[in-house]
Amino acid sequence: MARGSKPPSVTGRCFLSLLMLKSCWLLGASQKPAILTDSQQPQQEYAHSIRLDGDIILGGLFPVHARGERGVPCGELKKEKGIHRLEAMLFAIDLINKDPELLPNVTLGARILDTCSRDTYALEQSLTFVQALIERDGSDVRCANGDPPIFAKPDKVVGVIGASASSVSIMVANILRLFKIPQISYASTAPELSDNTRYDFFSRVVPPDSYQAQAMLDIVTAMGWNYVSTLASEGNYGESGVEAFVQISRESGGVCIAQSLKVPREPRPGEFDKIVLRLLETPNARAVIMFANEDDIRRILDAAKRNNLTGHFLWVGSDSWGSKISPVVQQERVAEGAITILPKRASVDAFDRYFKSRSLSNNRRNVWFAEFWEENFGCKLGMHGKRPGSPKKCTGLEKVGRDSTYEQEGKVQFVMDAVYAMAHALHHMHRELCTGYPGLCPRMANIDGKELLAHIRAVGFNGSAGTPVTFNENGDAPGRYDIFQYQINNRSTAEYKVIGHWTNQLHLNMEALQWSTGDPSLPASVCSLPCRTGERKKVVKGVPCCWHCERCEGYHFQASEFTCEICPYEKRPDQNRTGCQPIPIIKLEWHSPWALLPVFISVLGIIATTFVIVTFIRYNDTPIVRASGREMSYVLLTGIFLCYIITFPMIAAPDVVVCSFRRIFLGLGMCFSYAALLTKTNRIHRIFEQGKKAVTAPRFISPASQLVITFSLISVQLLGVLVWFAADPPHTFVDYGEQRTQDPENARGVLKCDISDLSLICSLGYSILLMVTCTVYAIKTRGVPETFNEAKPIGFTMYTTCIIWLAFIPIFFGTAQSAERMYIQTATLTVSLSLSASVSLGMLYMPKVYIIIFHPEQNVPKRKRSFKAIVTAATMTSKLSQLAAERPNGEVKTELCEGVEASVPPTKNTYVSYTNHAM
């Protein structure tokens, strides 16, 4: 065992026993032992391996052959992945042995084995590396002469370069760690190998797939793809790579996996067609993330081609695809547009010169080179060549690169870096343990693997391509990747074109991308198309990349990708529904039809009222004006004028002044009018009621008394307005509820004065109360003769006014929910006020003005009559009316005439004023 190693556990001892049995089988110990000297070792032992002598022996594991068919461990030769990489190790050892600065006076040797791309076969082969560490018991074996056997001394391997496939590295690492043999891989990228507790003696000069998975996820994200499928070859590399991609995508939350498919290790006929058809079950997931070996990649592409799916899938390949030609040969069209990733590398020119100089004569140390020669040049070497069917015989004068195509395999750089990393670690260890000692000192006779591992993890140098080589605490190299796209140019030649790189973050040249459709826009691989502006995503449960788009309706706007929120009350969604904008504010405009009609009526009324007032002033002392009660007429005309004039502040744009005028004059005009009419009708009623009882006049019927009563009634309205001003000063506000339609586009805010419906009722309520009271007195005085004052015109005025306001109430309050509420209510209110004023003006004053203007002969003074005569005439007329309803025609007239002939002279239609009588 190596120095400083601890005794193995019980399980370890059992495993060691199995290894000893395997070793005996390899060395022929189960049969007659070979008694040989070191110089007499049989060549058959190394028939399938390469052995270079040296002071320090390094092991090497390379996939020289492909995996064989069922029952056969090895298949066809791998020229690039096998021979190129193997020769890279031999070339690196040659350079190190010639370097006077690196491991001076120390020669590196090698023991290189073929893994045949199969983990179980590689496990058997790797037992060779630990034979020197296994103690052999030959006590039960004797030679023919009875002497104990002398076993051939195996090489002691201090470190291993390899393997290539992650599954092989994992299998081998489990053995090597038991014997504390450090291992440096040049191609294994499985994230599982980063576990330093299980694979503590494993290191690698390529980044793990966790970095690769992150780079591939960044590529998918940059392309705008969020719905992808994954495809893995069965084994550690494929499964762990996909697992890393799925884990990272789940953590980032931006990419969903539609399907995760696996290619079996031993696929059945038709298996790849089934896989392609299964991928087609989720047609929106066009992007396929592939962690598969090149054989599986080639067969997947072939299956897609057979099923006429060229151009449908968007392939994203891992470093196992990289920039290899073999997976895409004769399948260029179906592979067009594929994006692949490869650890950042550069071609090593010195290796190209070295490899092209290799021939059968100068490369006898490579036991597989003859087979490579036949495969590379398509010829046959002698009777025992590997290509019995080839008609052409090899001359041995063929030249690589001249008589055959040659392109340096992508991992050559990393193979050389792995060898140099081991050499630098040994160099540092030699400098530390053998200071000033030429060659190996006794302290390095048995190299401690754990100590060597510490030096490996501490190395730092520029590799063969000039890139730095370092390891982290888990033995992983930093992530540096080149990103390729397989493109077909105008000349129909296909090539891998570098479109970017990844070093902890993605740098992608989007303009360099090219797709099979010729469309420069990026193809889609999404479960659901992006929602339009103003629509939110309703995510499908369990599939965060799939959603339904729902429009933000009503007054809601798109607050985020997944939510709609309602706008503030004074705002509405903008046109795109991505934000809110203020609701337009409107008011009743002068040019609106709803304003033109009330204004027209009001203007006519103002003109008519002004004409009546001017006429009355001019003919102030004429009998008709005096008979109408001049003082009360002017009060009534003032009220009528105010009823007309209120139309203008009701339509004007609201502000504090306008709102103040509305409060004051809204009910004041009606109050003036009906207070005056109420005083008049009350005076008539009291006069005739008093006349029925006595001949004396009632109190407070003089003009001055009438004015006092009228203004007392008006003062109540003014007092209410003053209280309203004190309690709630006038101001404006915007009513957003009145025209808040279902469609926000039609929503409007209405600029209003702060006059609520209740305030309006209170303001007009007092005037309406006066109007109702006046109507009651008009009914009571309906029996007054036509010759006595204007009781009946007042009655007709009040009846008509009541009808107007009864019609006003349902119209005004019935349109409270209408979108045109402001226009209808304002027009209704102003027209009702104007009509009320027009009725009063037309019935009470237009007949008088007509007589004054057109029949001045009737506007002459008549003889005065005493209050007693007036009351007597009114009483007799009233009785006549009552008896007329009870007696036949003529009887009443005869009876009444006899009773009043002496006291009442014959009458005719004349205007009699009781106003100017002495009462």
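Residues numbered from 1 in each chain as written. Predicted model: local features only at pLDDT ≥ 70, side-chain atom pairs only at ≥ 80, totals over all residues. Heavy atoms only, no water.

### Remarks on the state of the cysteines
Among covalent bonds in proteins, the disulfide is the one between the sulfur atoms of two cysteines. Under the criterion given, the structure shown has 9 disulfides. Through a disulfide, C74 is tied to C116; the S-S separation comes to 1.7 Å. Disulfide C74 to C116: torsion about the S-S bond roughly 85°, handedness right-handed. Separated by 42 residues along the polypeptide, C74 in strand β4 (residues 74-77) and C116 in the loop between β5 (108-114) and α3 (119-126) bring together distant segments of the chain. (Disulfide = S-S within 2.5 Å. Helix = DSSP H or I, 4+ residues; strand = E, 2+ residues; numbered from the N terminus.)

### Let's talk about the nonpolar core
Membership of the largest hydrophobic core comes to 66 residues, with the highest contact counts inside it found for M89, L108, I184, F351 and L426. Ranked by residues supplied to this core, first place goes to helix α12 (residues 412-433) with 14 residues. Once residues within four sequence positions are removed from consideration, L426 is found in contact with I56, L58, L103, L108, M444, I447 and L452. Grouped together as the second largest cluster of nonpolar side chains are 52 residues, L637, I646, L666 and M670 included. (Core = buried A, V, L, I, M, F, W, Y, C linked by side-chain atoms within 4.5 Å. Buried < 20%, exposed > 50% of the residue type's maximum accessible area, 1.4 Å probe, protein only. Contact = heavy atoms within 4.5 Å.)

### Digging into the pattern of salt bridges
In total, this model carries 26 salt bridges according to the counting rule given. With a shortest N-O distance of 2.4 Å, R306 and D302 are connected by a salt bridge. Taken together, the residues span about one helical turn, with R306 and D302 both in helix α8 (residues 294-306) at a distance of 4 residues. Overall, the relative accessible area of 45% leaves R306 in the partly exposed class. For K752, the salt bridge is made with D735, and the minimal N-O distance between the two is 3.2 Å. (Salt bridge = Lys/Arg side-chain N within 4 Å of Asp/Glu carboxyl O.)

### Topic: the sheet that holds β5
Strand order across the open sheet formed by 6 strands is β1-β5-β2-β6-β7-β8, with mixed pairing between neighbours. In this open sheet, the two edge strands, each paired with only one partner strand, are β1 (49-52) and β8 (202-204). Adjacent strand axes in the sheet meet at a mean angle of 20° when their direction is disregarded. Bridging between strand β6 (residues 157-161) and strand β7 (residues 183-185) involves 2 bridges; their strand directions are parallel. Considered in β7, the bridge of I161 is made with I184. (Pairing = 2+ DSSP bridges. Axes fitted to C-alpha atoms, helices over the stretch in contact; angles between N-to-C directions.)

### Side note on the environment of A418
Positionally, A418 belongs in helix α12. Given a relative accessible area of 0%, A418 falls into the buried group. Along the chain, A418 and S185 lie 233 residues apart, while their C-alpha atoms are 6.8 Å from each other. Apart from the residues lying within four places of it in its own chain, the contact partners of A418 are I161, I184 and V205.

### Remarks on the pairing of strand β17 (residues 494-502)
With 8 bridges joining them, strand β16 (residues 481-488) and β17 adopt antiparallel strand pairing. Bridge pairing in β17 places F484 opposite V498. Of the pairings in the sheet, the one linking β17 to strand β18 (residues 506-508) comprises 3 bridges and is antiparallel in character. Residue pairing for β18: G500 is matched across the bridge by L508. Hairpin connection from β17 to β18: 3 residues lie between these consecutive antiparallel strands, with N504 at a positive phi of about 70°.

### A look at a nonpolar patch on the surface
Residues F611, Y850, I853 and F854 make up a contiguous nonpolar surface patch of about 420 Å² in total accessible area. Considering each element in turn, the nonpolar patch owes the most residues, 3 residues, to helix α23 (residues 846-854). Turning to its location among the elements, F854 is positioned in helix α23. (Patch = residues over 30% accessible without salt bridge, like charges linked within 9 Å, V, L, I, M, F, W, Y side chains within 5 Å. Areas by Shrake-Rupley, 256 points an atom, 1.4 Å probe, with all protein chains shown as cover.)

### Here's the deal with the packing of helix α14 (residues 593-618) against helix α16 (residues 630-645)
For any two helices packed against each other, one specifies the inter-axial angle together with the distance between the axes. Put simply, α14 and α16 touch, their axes get as near as 9 Å, and they point 160° apart. By the angle class used here, α14 and α16 are roughly antiparallel. Regarding α14 and α16, the two cross each other, and that crossing is left-handed. Residues I601, S602, G605, I606, T609, T610, V612, I613, F616 and I617 of α14 pack against S633, Y634, L637, I640, F641, Y644 and I645 of α16. Grouping the constituent residues of the contact of α14 with α16 by class yields 12 nonpolar, 5 polar and no charged. (Parallel < 35°, antiparallel > 145°, perpendicular 65-115°, else oblique. Left-handed = near helix turned anticlockwise from the far one by under 90°. Nonpolar A, V, L, I, M, F, W, Y, C, P; charged D, E, K, R; others polar.)

### Some words on the sheet that holds strand β27 (residues 748-753)
One open sheet accounts for 3 strands, arranged β25-β27-β26; its pairing is mixed. The two strands at the open ends of the sheet, each matched to only one other strand, are β25 (585-586) and β26 (732-739). The pairing of β26 with β27 spans 5 bridges and is classified as antiparallel. Along β27, the bridge assignment pairs T732 with C753. Relative to β26, helix α22 (residues 821-844) is tilted by about 115°, and along the sheet it contacts β25, β26 and β27.

### Thoughts on the side chain of S840
Considering the arrangement of structural elements, one finds S840 in helix α22. We classify S840 as buried; its relative accessible area is 2%. Setting aside its immediate chain neighbours within four residues, S840 contacts I640, L677, T797 and Y845.

### Some words on the side chain of H430
Residue placement: H430 occurs in helix α12. According to the relative accessible area criterion, H430 is buried, its value standing at 8%. At a separation of 2.6 Å, a polar atom in the side chain of H430 contacts the main-chain carbonyl oxygen of G439. The contact partners of H430, leaving out residues within four places of it in the chain, are V106, T435, Y437, G439, L440 and M444. (Polar contact = N/O pair within 3.5 Å; in protein donor to acceptor, adjacent residues only side chain to side chain.)

### Observations regarding helix α11 (residues 369-377)
For α11, a buried count of 7 out of 9 residues is recorded, marking the element as mostly surrounded by other parts of the structure. Restricting attention to buried positions, one finds in α11 the residues F369, E371, F372, W373, E374, N376 and F377. Close packing links the buried residues of α11 with β3 (65-67), β4, α2 (79-98) and α10 (349-356). Once α11 finishes, G378 follows within two positions and takes phi at roughly 65°, a positive value.

### As for unusual backbone geometry
Of the consecutive residues G162 and A163, the connecting peptide bond is found in the cis state with omega at 5°. Phi is positive for S117, which is not a glycine, with a value near 55°. Its location among the elements puts S117 in the loop between β5 and α3. A positive phi angle, near 70°, is found at N504, a position not held by glycine.

### With respect to α3
Those residues of α3 lying buried are D119, Y121, A122, Q125 and S126. For α3, the buried positions fall inside an angular range of 155° around the axis, keeping them on one side. Buried residues in α3 make contact with β4, β5 and α4 (166-176). (Arc of directions from axis to C-beta.)

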